[in-house]
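# Structural overview
Take a look at the letters that make up each chain.
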Amino acid sequence: MRKCKCFTNLEHEEKWLNDMAGRGWRFVRKSLFSYEFHEAVPEVGRIKIDYRAFVKKEDFEDYRALFEDSGWKHIQGSKSSGYQYFKMVNDQGSEDIFSDADSKAGRYKRLSEMWFSISLSFFPIIVALMSTGTLKPAALLDPEALYLTPGLWEKTGVGFWRAFLFETPFALLRGLSAWLLPLVIMLYLIFAFKANRQYKRSQGENLSD
């Protein structure tokens, strides 16, 4: 079974995965916003999530071994995926994958930095598209400017409709691109803001404790 979900709060994602385990659905893998489950015997879910990416494979293997020595099996994630999923397999192990509250809060800081860096990576693309004339935000105020066929608006009859209908899909794509990239950037910035807010909230809870 596959389910599509989007989480910006790792605790909420953990709770959902553990609830699914209690209903008899074992978490297998995640790709983007899609989660794959296999039917299994209902069990008490003990899944925890960290966010950490690695450059060297050796560092990633050491990271996995550290958690497995504490009774947590790595069930999903790669050295560059960022999201790392662990499941408790030893009741004698530690109750959490994090040794202290600061390291638990730190995953949100790394998550925020990741979303923010992705949003920044889109700005050079926008500049390049605008410099080549591919992206024309001003054309949204003048839809006719989205049509590039020379003399299109001077045509009449069948000739006009043939040219108009042929280019309309391309014109729509040009108009969509003027909105799509800014919307994607805004979405990533929202994710970054939420992760950073959760990081500060976690730090506040640590201080109150």
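Everything discussed here concerns the structure shown above.
Residues numbered from 1 in each chain as written. Predicted model: local features only at pLDDT ≥ 70, side-chain atom pairs only at ≥ 80, totals over all residues. Heavy atoms only, no water.

### Examining the sheet that holds strand β4 (residues 47-51)
Spatial strand order, β4-β6-β5: three strands in an open sheet with antiparallel pairing. Each end of this open sheet is capped by a strand with a single partner; those strands are β4 and β5 (72-76). Neighbour-to-neighbour, the strand axes of the sheet open up by a mean angle of 35°, direction not taken into account. Summarising the sheet, β5 and strand β6 (residues 83-88) pair through four bridges and their orientation is antiparallel. Across the sheet, residue Trp72 finds its bridge partner in β6, namely Met88. Where helix α1 (residues 10-22) meets the sheet, it contacts β4 and β6, and its direction lies at approximately 150° from that of β4. (Pairing = 2+ DSSP bridges. Helix = DSSP H or I, 4+ residues; strand = E, 2+ residues; numbered from the N terminus. Axes fitted to C-alpha atoms, helices over the stretch in contact; angles between N-to-C directions. Contact = heavy atoms within 4.5 Å.)

### Examining unusual backbone geometry
Not every positive phi belongs to a glycine, and Leu32 is a case in point at roughly 55°. As for its placement among the helices and strands, Leu32 is situated in the loop between β2 (25-31) and β3 (34-39).

### Structural notes on the side chain of Gln84
Relative to the helices and strands, Gln84 resides in strand β6. Reaching out from Gln84, the side chain makes a polar contact with the backbone oxygen of Arg52 at a distance of 3.1 Å. Those residues in contact with Gln84, other than ones at most four positions away along the chain, are Lys48, Ile49, Asp50, Arg52, Phe60, Tyr63, His74, Gln76, Gly77 and Ser78. (Polar contact = N/O pair within 3.5 Å; in protein donor to acceptor, adjacent residues only side chain to side chain.)

### Looking at the nonpolar core
Grouped together as the largest cluster of nonpolar side chains are 21 residues, with contacts concentrated most on Leu17, Tyr83, Tyr85 and Leu111. Contributing elements (two or more residues each) for this core: α1, β3, β4, β6, α3 (101-131) and α4 (157-208). Broken down by element, this core gets its largest block of residues, five residues, from α3. If near-sequence neighbours (up to four positions away) are discounted, Tyr85 is found in contact with Glu13, Leu17, Phe27, Lys30, Tyr35, Ile47, Lys48, Ile49, Lys73, His74, Ile75 and Gln76. Counting nine residues, the second-largest nonpolar core is a separate cluster that includes Tyr63, Phe67, Phe86 and Phe98. (Core = buried A, V, L, I, M, F, W, Y, C linked by side-chain atoms within 4.5 Å. Buried < 20%, exposed > 50% of the residue type's maximum accessible area, 1.4 Å probe, protein only.)

### Thoughts on the pattern of salt bridges
Tallied over the full model, the rule gives twelve salt bridges. Its salt-bridge partner being Glu36, residue Arg2 comes within 3.2 Å of it at the nearest N-O pair. One end of the pair, Arg2, is in strand β1 (residues 2-4); the other, Glu36, is in strand β3, and 34 residues separate them in sequence. A salt bridge links Arg107 to Glu14, with the shortest nitrogen-to-oxygen separation between them at 3.1 Å. With Arg107 in helix α3 and Glu14 in helix α1, this pair connects stretches of sequence that are 93 residues apart. Overall, the relative accessible area of 0% leaves Arg107 in the buried class. Exposure remark for Glu14: the relative accessible area of 5% places this residue in the buried category. (Salt bridge = Lys/Arg side-chain N within 4 Å of Asp/Glu carboxyl O.)

### Digging into the sheet that holds β1
Taken in spatial order, the three strands of this open sheet run β1-β3-β2, and their pairing is antiparallel. Taken across any chain shown, the strands that pair with only one partner, and hence form the sheet edges, are β1 and β2. The average angle at which neighbouring strand axes cross in this sheet is 30°, direction not considered. Of the pairings in the sheet, the one linking β2 to β3 comprises six bridges and is antiparallel in character. Paired with Trp25 across the bridge in β3 is Glu39.

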